[in-house]
Amino acid sequence: MKERKFYFSTTHMIMLSFLIGIIIGSILLSLPISSASGEGVPYIDALFTATTSMCVTGLVTLPTVLTWSVFGQIVILFLIQLGGLGIITIMYVILVSVNRRLGLKSSFLIQDAFNLNSLSGIGPFIKRVTLGTFVVEGIGALLYMIVFVPEYGAKGIWISVFNAISAFCNAGIDIMKENSLCDYALNPMVNFVTSMLVILGGIGFVVWWDVLRVVKKFPSQKFKCFTHLSLHSKLAITLTVILLAAGTILFLVFEANNPLTLKNLPWYDKLQVSFFQSVTTRTAGFASVPQENLTNASSIASLLFMFIGGSPVGTAGGIKTITIAVVLCAALAGIRNQDELSLFGRRISKQAISKAVAVMAVSFMIMFLSTLLLSAVTNAPALDVAYECVSATATVGLTRNLTPSLNLSGKLIIIVTMFLGRVGPISLLVAFNIKKEKKNIIKDPIEEVHIG
């Protein structure tokens, strides 16, 4: 009997690069120089922080602002930027900076890292992504300074830069307060800048360039630009708008009479806080209200929005907007007994549908298993455990105050969940696929089964 051959693919290299980054980051964060007190933190907490930073999640066992020195914060921020853009992207930028050409193997790495369908134009794409990222983060940092420099002085510059990168990368880690952005819940500037950075990072780089392409190509048709966008961009934008609006309305309704959140606020502030909650559940992880103060209805709605997440080829996590759109429309087509799935006048391939179903199924499996395991090692309420695990799976970073109280087993479970959530379901399926030679393939006979 022949042994199965294991192939070290580009997907394996991407997963390994994340793992190496986490290990190096955890070692650096465990050093005394990384700690604000000058004494090294327990390695498990350093590993947890490195993982949540590299996986742009935002769950923390120790308060970032009190625990880490400036050196430690720099390490965390570097890991966030690496995790947001991807190590492979940074490697490409370094190669280009020393005038080295991008080989075929490196091209495949970048294609897998960004989940692209083609190798064409990868070089220019990465250049635009890197430049666009730094420009948007820079503008965000400057806008943050309007608020943070008057409040914190010169330190406000560093806080602004840190927050801008963290928000754009959908990391949800800040260095201002222990309670995230709760003290700025009613600050229009902080809310606006954070929301825009989160949305721009989460909408996906492909959408950026597609919108710019259409605007440049059809300058006289500003109000008809949407019709010229690609199907991917149409779905990403449409689903993003729908989910943001739906989230805002649901949170506004569910929290309107909650004295711990919205009840005592004027309508403008109720709308502002509700919109931010809707934005941050899209894998951002910043909290403007304590999540444990939300009603059960709002918390359950948050679970759904966190699980969906942002859009592909961006910095957000979750199963992605395109995935949920394809799965739901495929289900509707099945109900209507339609053989093909069409959206915006374009057919969706069966391969794309199968991939979407696989992403959703594997993500749900990771979420369910982590919830089950965490429930077994903690006495926390079921809703708090589910919130934690969905947040980790979708790399969101919101918690109902459970993360700081996790025991060793709980921390390890969340660490693994964050890593699996960041590398993605498709990467997992490819990584654990062992190929074998096939000869004289004989297909099995077809037999009908009853569904539903």
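Above this text sits the structure in question.
None of the values given here were measured: they were computed from a predicted structure.

### Details of the packing of aromatic side chains
Moving on, step 1. With the rule as written, the count across this model stands at eleven aromatic pairs.
Moving on, step 2. Measuring from ring centre to ring centre gives 6.3 Å for F168 and F205, while their planes differ by 45 degrees; the resulting arrangement is tilted. With F168 in helix 8 (residues 155-168) and F205 in helix 10 (residues 205-217), this residue pair connects regions lying 37 residues apart in the sequence. You'll find F168 and F205 in the same group, each marked buried.
Moving on, step 3. Consider the rings of F251 and F305, whose centres lie 6.2 Å apart with planes at 55 degrees: the pair is tilted. In this pair, F251 sits in helix 11 (residues 231-255) while F305 sits in helix 13 (residues 296-308), placing the two residues 54 residues apart along the sequence. Across this residue pair, the class does not change: F251 and F305 are buried.
Moving on, step 4. One aromatic cluster is present, built from ring pairs that chain together Y144, F148, Y152 and Y184.
Moving on, step 5. Taking NZ or CZ as reference, K270 lies 4.8 Å from the ring centre of W267, over its face.

### Focus on the side chain of T248
Moving on, step 1. Among the structural elements, T248 can be located in helix 11.
Moving on, step 2. On the basis of relative accessibility, which here comes to 8%, the residue T248 falls in the buried class.
Moving on, step 3. Filtering out sequence-adjacent residues up to four positions away, T248 remains in contact with L271, S274, F275 and S278.

### Digging into the environment of I319
Moving on, step 1. Looking at where I319 falls in the secondary structure, it is placed in the loop between helix 13 and helix 14 (321-335).
Moving on, step 2. Sequence separation between I319 and G309 is ten residues, and the spatial gap between their C-alpha atoms is 6.2 Å.
Moving on, step 3. Each residue touching I319, except ones within four places of it in the same chain, is listed here: F307, I308, I324, V359, M360 and S363.

### Remarks on the nonpolar core
Moving on, step 1. Grouped together as the largest cluster of nonpolar side chains are 108 residues, with contacts concentrated most on I80, Y144, F148, L197, F205 and I414.
Moving on, step 2. For I414, the residues in contact, after removing those within four places along its chain, are F48, L59, L374, E388, C389, A392 and L406.

### Focus: the layout of surface pockets
Moving on, step 1. Roughly 540 Å³ of internal volume is contained in the second largest pocket.
Moving on, step 2. If you go around the second largest pocket, you meet 28 residues; those closest to its centre are V60, E178, N179, S180 and T399.
Moving on, step 3. Among the residues forming the lining of the second largest pocket, the class breakdown is twelve nonpolar, twelve polar and four charged.

### Notes on helix 16 (residues 382-393)
Moving on, step 1. In a regular helix each residue adds 1.5 Å, so twelve residues correspond to 16 Å; helix 16 covers 16 Å between its end C-alpha atoms and thus fits that length.
Moving on, step 2. Where burial is concerned, most of helix 16 is hidden: ten out of the twelve residues are buried.
Moving on, step 3. Listed as buried for helix 16 are D384, V385, A386, Y387, E388, C389, V390, S391, A392 and T393.
Moving on, step 4. Buried-residue contacts for helix 16 involve helix 12 (267-280), helix 13, helix 15 (350-377) and helix 17 (408-423).
Moving on, step 5. Just beyond helix 16, the residue with positive phi is T395, at close to 50 degrees.

### A closer look at helix 4 (residues 70-85)
Moving on, step 1. For helix 4, spanning 16 residues, the distance from its first C-alpha to its last is 22 Å, which sits close to the expected 22 Å at 1.5 Å a residue.
Moving on, step 2. Counting buried residues along helix 4, twelve of its 16 residues qualify, which places the element largely inside the surrounding structure.
Moving on, step 3. Regarding helix 4, the residues found buried are G72, Q73, V75, I76, L77, L79, I80, Q81, L82, G83, G84 and L85.

### Things to note about a nonpolar patch on the surface
Moving on, step 1. The grouping of L16, L19, I20, I23, I24, I27 and Y43 at the surface amounts to a nonpolar patch, some 600 Å² of accessible area in total.
Moving on, step 2. The element best represented in the nonpolar patch is helix 1 (residues 10-29), accounting for six residues.
Moving on, step 3. Position of I27 relative to the elements: it lies in helix 1.

### A closer look at unusual backbone geometry
Moving on, step 1. Of note, V56 is a non-glycine position whose phi angle comes to about 40 degrees, a positive value.
Moving on, step 2. Relative to the helices and strands, V56 resides in the loop between helix 2 (43-54) and helix 3 (64-67).
Moving on, step 3. Among the residues examined, V56 registers a relative accessible area of 1% and is labelled buried.
Moving on, step 4. Although it is not a glycine, T283 adopts a positive phi angle of roughly 80 degrees.
Moving on, step 5. Its location among the elements puts T283 in the loop between helix 12 and helix 13.

### A look at the pattern of salt bridges
Moving on, step 1. This model, assessed by the stated rule, comprises five salt bridges.
Moving on, step 2. With a shortest N-O distance of 3.9 Å, K177 and D183 are connected by a salt bridge.
Moving on, step 3. Residue E340 pairs with R347 through a salt bridge whose shortest N-O separation is 3.0 Å.
Moving on, step 4. For E340, a relative accessible area of 48% corresponds to the partly exposed category.

Each value, and the rule that gives it
Here the residue index of a chain counts from 1 through its sequence in written order. The predicted nature of this model means local features are confined to residues of pLDDT at least 70 and side-chain atom pairs, given and counted, to a pLDDT of 80 or more, with totals for whole chains, interfaces and linings taken over all residues. Excluded from the side-chain calculations are hydrogens and water; all other atoms, namely the structure's heavy atoms, are used. Within 6.5 Å between ring centres, the rings of Phe, Tyr and Trp (the latter by its six-membered ring) count as paired, and their orientation is classed by plane angle as stacked under 30 degrees, edge-to-face over 60, tilted in between. Here a strand is any run of E in DSSP of at least two residues, a helix any run of H or I of at least four, and the numbering for each starts at the N terminus. Only protein chains enter the area calculation, which uses a 1.4 Å probe; residues under 20% of their type maximum are buried, those over 50% are exposed, and those in between are partly exposed. Here, a charge over a ring means that NZ of Lys or CZ of Arg falls within 6 Å of the ring centre while also lying within 35 degrees of the ring normal. In this analysis, two residues are considered to be in contact whenever any of their non-hydrogen atoms come within 4.5 Å of each other. Nine residue types can take part in a nonpolar core, namely buried Ala, Val, Leu, Ile, Met, Phe, Trp, Tyr and Cys, and a core is a set of them joined through side-chain atoms within 4.5 Å. Think of a 1 Å grid over just the protein atoms. A cavity is a set of points where a 1.4 Å probe fits yet cannot get out, a pocket is an open set with protein on both sides within 12 Å along at least five of seven lines, and lining residues have an atom within 4 Å of a point. Grid points are joined across faces, edges and corners, and a volume is the space filled by probe spheres set on the points. In this count, Pro and Cys sit with the nonpolar residues alongside Ala, Val, Leu, Ile, Met, Phe, Trp and Tyr, while Asp, Glu, Lys and Arg are called charged and the others, Gly among them, polar. Multiplying 1.5 Å by the residue count of a helix minus one yields the expected span of that helix. Each patch is assembled from residues with relative accessible area greater than 30% and no salt bridge, linking like charges that lie within 9 Å and nonpolar side chains (Val, Leu, Ile, Met, Phe, Trp, Tyr) that lie within 5 Å. For every accessible area listed, the method is Shrake-Rupley and the probe measures 1.4 Å; residues are considered covered only by the protein chains on display. Each salt bridge in this description consists of a side-chain nitrogen of Lys or Arg and a carboxyl oxygen of Asp or Glu lying within 4 Å of one another.

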